[in-house]
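Structural features, examined
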Amino acid sequence: MDVERVQSIASLSNIHHTISTIPSEFIRSENEQPAATTIHGVVLEVPVINIGADNSDEEKVVSMIMEASRDWGIFQVVNHGIPNELISKLQKVGKEFFELPEEVKGLIAKTPESGIEGYGTSLQKEVGGKKGWVDHLFHKIWPPSAINYKFWPKNPPSYREVNEEYSKKIQEVSERLIKWLSLGLGLEEHEMKVAMGGENIIYLMKINYYPPCPRPDLALGVVAHTDMSLITILVPNEVQGLQVFKDDHWYDVKYIPNALIIHIGDQVEILSNGKYKAVYHRTTVNKENTRMSWPVFLEPNPEFEIGPIPKLITQENPSKYKTKKYKDYSYCKLNKLPQ
Ligand SMILES: O=C(O)CCC(=O)C(=O)O
Ligand SMILES: [Fe+2]
């Protein structure tokens, strides 16, 4: 199947110097256009939390994570234990993959049968027929039994080794975050993980590739959304672009070099019965530079049921969400059906 990649559209517009135009399906409606809807000149400083061994005050970490998850749905962690060199390597091999010729990348392209995994471009246009200025690659990285290596790039050759190392480190960080999210709700440290499906949590790597865009004032990368995941752990490259909706406005998020950006996803909002909030976010694109990002989505097994943790349902705080299988939740979300 031949699919037009945003990367090809972007390189064509560079060659022909059609600098001021982009295909109409990328032009957002006025109430979405970043130039018209972003608060300019302010960079939002989302909470930054030191989770390093040098920070021995665990109670403080728990309360900072609880407050950030309740009031923001997004925070950054520093001293997280993933070496900076490993993050650089992850970024390098991902960038090298996207710089390969289209026919090489096409070897691991998504097909209608392959589900979410593979190299692709959002085929499904959004409501109103609009498209995001972004290509992507999805592949599972954990647990080993869920991995389909056929969707992992073979080139560059070190891609697999780097991603396997990163997946181990991401799990270590996740285990700690999930424990703290649990304690922040007044639960025992293991209760949140059990409610997420324990050892059956699936880790899904996504690489977003946003090529330079002649009209970043009119286009969006990823349209406004909350992540369907439990939580998302993201590293961007150095190009600005992640925006968060806060107090009724869109703001750029200030990056801390080598921090991990944590999003609360829909499933943790549900598990917490609404105490933690999934963050509403979107991405903008850049005229000169290619932006990239590497979110890892932690997801329940498709057959696993997610609903508010029973202990968090009280007379004052009755259940706010239905309990349903994750596959049913994701079906409704992707097809824009009521939950
Ligand atoms: O590129 C980013 O910073 C965020 C991307 C994102 O929100 C997503 O892929 O769900
Ligand atoms: Fe997202």
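Residues numbered from 1 in each chain as written. Chains lettered and ligands numbered in written order. Predicted model: local features only at pLDDT ≥ 70, side-chain atom pairs only at ≥ 80, totals over all residues.

The name given to the protein in an unreviewed UniProt entry is Fe2OG dioxygenase domain-containing protein, with the source organism recorded as Penstemon smallii. Check the Sequence similarities (unreviewed entry) section of the UniProt entry for the protein; it says "Belongs to the iron/ascorbate-dependent oxidoreductase family." (UniProt positions renumbered as here; feature names shortened; annotations may be inferred.)

On the basis of which strands lie adjacent, the open sheet formed by eight strands has the order β2-β3-β10-β7-β12-β6-β5-β4 and mixed pairing. Unpaired on one side and paired on the other, β2 (48-50) and β4 (118-121) mark the two borders of the sheet. Here the strands of the sheet are splayed against their neighbours by 25° on average, with no regard to which way each runs. In terms of strand pairing, β2 meets strand β3 (residues 74-78) through three bridges, oriented parallel. (Pairing = 2+ DSSP bridges. Helix = DSSP H or I, 4+ residues; strand = E, 2+ residues; numbered from the N terminus. Axes fitted to C-alpha atoms, helices over the stretch in contact; angles between N-to-C directions.)

Cis geometry marks the peptide bond from W142 to P143, where omega comes out at -5°. Inspection of the secondary structure puts P143 in the loop between β5 (135-142) and α6 (159-184). Across the junction of N155 and P156, the peptide omega takes the value 0°, indicating a cis bond. A positive phi angle, near 70°, is found at D248, a position not held by glycine. Tracing the sequence through the fold places D248 in the loop between β8 (242-246) and β9 (249-253). With a phi angle near 55°, N273 is a residue other than glycine that sits in the positive phi range. Inspection of the secondary structure assignment puts N273 in the loop between α8 (266-271) and β11 (281-283). The class for N273 is buried, based on 21 C-beta atoms found within 10 Å. (Buried ≥ 20, exposed ≤ 12 C-beta atoms within 10 Å, placed from the backbone.)

Our next topic: the site of ligand 1. By nearness alone, every residue bordering ligand 1 is listed as K206, N208, V222, D227, L234, P236, L242, H281, T283, S293 and P295. Mapped by element, the contributors of at least two residues to the shell around ligand 1 are β6 (202-210), β7 (231-236), β11 and β12 (291-299). Counted by class, the shell around ligand 1 contains five nonpolar, four polar and two charged residues. (Near = placed C-beta within 6 Å. Nonpolar A, V, L, I, M, F, W, Y, C, P; charged D, E, K, R; others polar.)

Moving on to helix α4 (residues 84-98). End to end, α4 covers 21 Å across 15 residues, agreeing with the expected 21 Å (1.5 Å per residue, within 8%). Within α4, burial applies to L90, V93, G94, F97 and F98. The buried residues of α4 all sit within an arc of 140° when viewed along its axis, so they share a single face. Exposed residues lying more than 90 degrees from the buried face of α4 are N84 and E85. (Expected span 1.5 Å × (residues − 1). Arc of directions from axis to C-beta.)

Time to look at the UniProt feature "domain: Fe2OG dioxygenase" (unreviewed entry) in the protein. When the UniProt feature table is mapped onto this chain numbering, "domain: Fe2OG dioxygenase" (unreviewed entry) sits at residues 200-300. Measuring from the first to the last C-alpha atom of residues 200-300 gives 7 Å, for a span that is 6% helix and 42% strand.

We now examine the packing of α4 against α6. Direction vectors running N to C along α4 and α6 enclose 140°, while the axes themselves pass 10 Å from each other. Compared by their axis directions, α4 and α6 come out oblique. Once α4 is placed against α6, the crossing between them reads as left-handed. Facing L86, K89, L90, V93 and F97 of α4, the residues of α6 in contact are Y159, V162, E165, Y166 and K169. Split into classes, the residues belonging to the contact of α4 with α6 amount to seven nonpolar, no polar and three charged. (Parallel < 35°, antiparallel > 145°, perpendicular 65-115°, else oblique. Left-handed = near helix turned anticlockwise from the far one by under 90°. Contact = placed C-beta atoms within 7 Å.)

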